[in-house]
Amino acid sequence: MAGGAREVLTLQLGHFAGFVGAHWWNQQDAALGRATDSKEPPGELCPDVLYRTGRTLHGQETYTPRLILMDLKGSLSSLKEEGGLYRDKQLDAAIAWQGKLTTHKEELYPKNPYLQDFLSAEGVLSSDGVWRVKSIPNGKGSSPLPTATTPKPLIPTEASIRVWSDFLRVHLHPRSICMIQKYNHDGEAGRLEAFGQGESVLKEPKYQEELEDRLHFYVEECDYLQGFQILCDLHDGFSGVGAKAAELLQDEYSGRGIITWGLLPGPYHRGATLPFHCSAILATALDTVTVPYRLCSSPVSMVHLADMLSFCGKKVVTAGAIIPFPLAPGQSLPDSLMQFGGATPWTPLSACGEPSGTRCFAQSVVLRGIDRACHTSQLTPGTPPPSALHACTTGEEILAQYLQQQQPGVMSSSHLLLTPCRVAPPYPHLFSSCSPPAVESIPVFGALCSSSSLHQTLEALARDLTKLDLRRWASFMDAGVEHDDVAELLQELQSLAQCYQGGDSLVD
């Protein structure tokens, strides 16, 4: 049980969502491993919001993500669908069935050397088919950090990473992975391409019942379920899976928060832009903007956060981040913020960007990883403050004042944390320092914004969709897409776009 935490159940839908999720869970795991380090700031984030405790059949305590993920046939590589912490399915079948047992084996995928090294460090597979995990500090997190006599774990090379499971460092519960066997991850045929195909998947009793069973398993053990976060691919049929899953959650768990993170992979025409890289950036942003509903003290509920950002019919927000947040040696937080001038400080992570003249209606902002000594300006007594920010007495006051200067009259929720984002291996080397040791944590500034830029983006999307002749796309027609349904969706999209035209913020 979660011990009074406001639990969140995560759904990962799609292969790119798997990449983002693998980085996300690796970062959570790295933070858990640091929880006993005396040099670390006190725990500001509650891991029980995302994780659950359990026990194997041999009574060994486990701590695994509260997670349901869906992907396609052939997408797991050497990762077992049932995970490695609990009894093997074949052994269970042998116990239940007293007759003759025939085993059919598929050709095994070669195990990534990085995962082989990780598993050898984490535990051993005993002769009875049970994974025995090595001791874990306080029953949670990763094994102790390598000592001088323990070889350092291998770091996966980009060439060795084919799928997200090739770099996932976290053990999953047997109820986490749900495979859609009717569609293929690789190859030209049998692909999940269209929205309607994805919708149809969860209309099939087999997959709908499987998802519902897993939801009930996780939900029924929660003390206080605050809601669901959905990581969902938008560029293929998993968009339809996500829409149908959100509809199911809304019907069965009304009153709970539902926040969907729509994910699109970056442009791969450049050699340096890989799903392994861009998914790491998105995971780091996600780890930051979700802070409000994961706090140990005075958390903001998912429902409250969603309501603040989606008033007056608005349902979509933009995301932005500075990764890492620039704070030069000797600088204070006011010094760094003043360098941005009047421009929007963060880099847009949403497709619509932040064109000039954009209006913000409401925003949730998180700045993390800044040492407390750097929060305020240390001016010599008698020195006039260079700005109003330098006159503030706390970091929280400085951040709130800065947001008020940037967006006067806008409802802004802000949080300032000491805890940085973890970027230890297998996170890609995007922030490596010039000399050892390698960068393992960074400060991040992240924001969610209900923005007028969405008006133009949503209108343009509706305009482009109107021009499409769906009869030319076989996968759409095969999924049973009706012209009237498309026309209704386009009307809803145009109405949604109008919600971001002008309008008023919550505070004037």
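In this report, the structure presented in the accompanying data block is examined. (Residues numbered from 1 in each chain as written. Predicted model: local features only at pLDDT ≥ 70, side-chain atom pairs only at ≥ 80, totals over all residues. Heavy atoms only, no water.)

**Notes on the environment of Val 486**
Alright, step 1. Considering the arrangement of structural elements, one finds Val 486 in helix α13 (residues 483–498).
Alright, step 2. On the basis of relative accessible area, Val 486 is assigned to the partly exposed category, the value being 22%.
Alright, step 3. Sequence separation between Val 486 and Leu 465 is 21 residues; the distance between their C-alpha atoms is 9.2 Å.
Alright, step 4. With sequence-adjacent residues up to four places away left out, Val 486 is seen in contact with Leu 470 and Val 481. (Helix = DSSP H or I, 4+ residues; strand = E, 2+ residues; numbered from the N terminus. Buried < 20%, exposed > 50% of the residue type's maximum accessible area, 1.4 Å probe, protein only. Contact = heavy atoms within 4.5 Å.)

**Re a nonpolar patch on the surface**
Alright, step 1. Together, Leu 461, Leu 465, Leu 468 and Trp 473 line one region of the surface with nonpolar side chains, adding up to about 360 Å² of accessible area.
Alright, step 2. Take Trp 473: it is sitting in the loop between α11 (453–467) and α12 (474–478).
Alright, step 3. Taking the relative accessible area as the measure of exposure, Trp 473 reaches 45% and is therefore partly exposed. (Patch = residues over 30% accessible without salt bridge, like charges linked within 9 Å, V, L, I, M, F, W, Y side chains within 5 Å. Areas by Shrake-Rupley, 256 points an atom, 1.4 Å probe, with all protein chains shown as cover. Salt bridge = Lys/Arg side-chain N within 4 Å of Asp/Glu carboxyl O.)

**Some details on the side chain of His 375**
Alright, step 1. Note on placement: His 375 falls in the loop between β12 (360–368) and α10 (395–406).
Alright, step 2. A polar atom in the side chain of His 375 sits 3.1 Å from the backbone oxygen of Ile 370. (Polar contact = N/O pair within 3.5 Å; in protein donor to acceptor, adjacent residues only side chain to side chain.)

**Here we look at the packing of α11 against α13**
Alright, step 1. Contact geometry for α11 and α13: axes closest at 8 Å, N-to-C directions at 160 degrees. What the angle tells us is that α11 and α13 run roughly antiparallel. Once α11 is placed against α13, the crossing between them reads as left-handed. On α13, the residues touching His 455, Leu 458, Glu 459, Leu 461, Ala 462, Leu 465 and Thr 466 of α11 are Leu 490, Leu 493, Gln 494, Leu 496, Ala 497 and Gln 498.
Alright, step 2. Partitioning the contact of α11 with α13 into residue classes produces eight nonpolar, four polar and one charged. (Axes fitted to C-alpha atoms, helices over the stretch in contact; angles between N-to-C directions. Parallel < 35°, antiparallel > 145°, perpendicular 65-115°, else oblique. Left-handed = near helix turned anticlockwise from the far one by under 90°. Nonpolar A, V, L, I, M, F, W, Y, C, P; charged D, E, K, R; others polar.)

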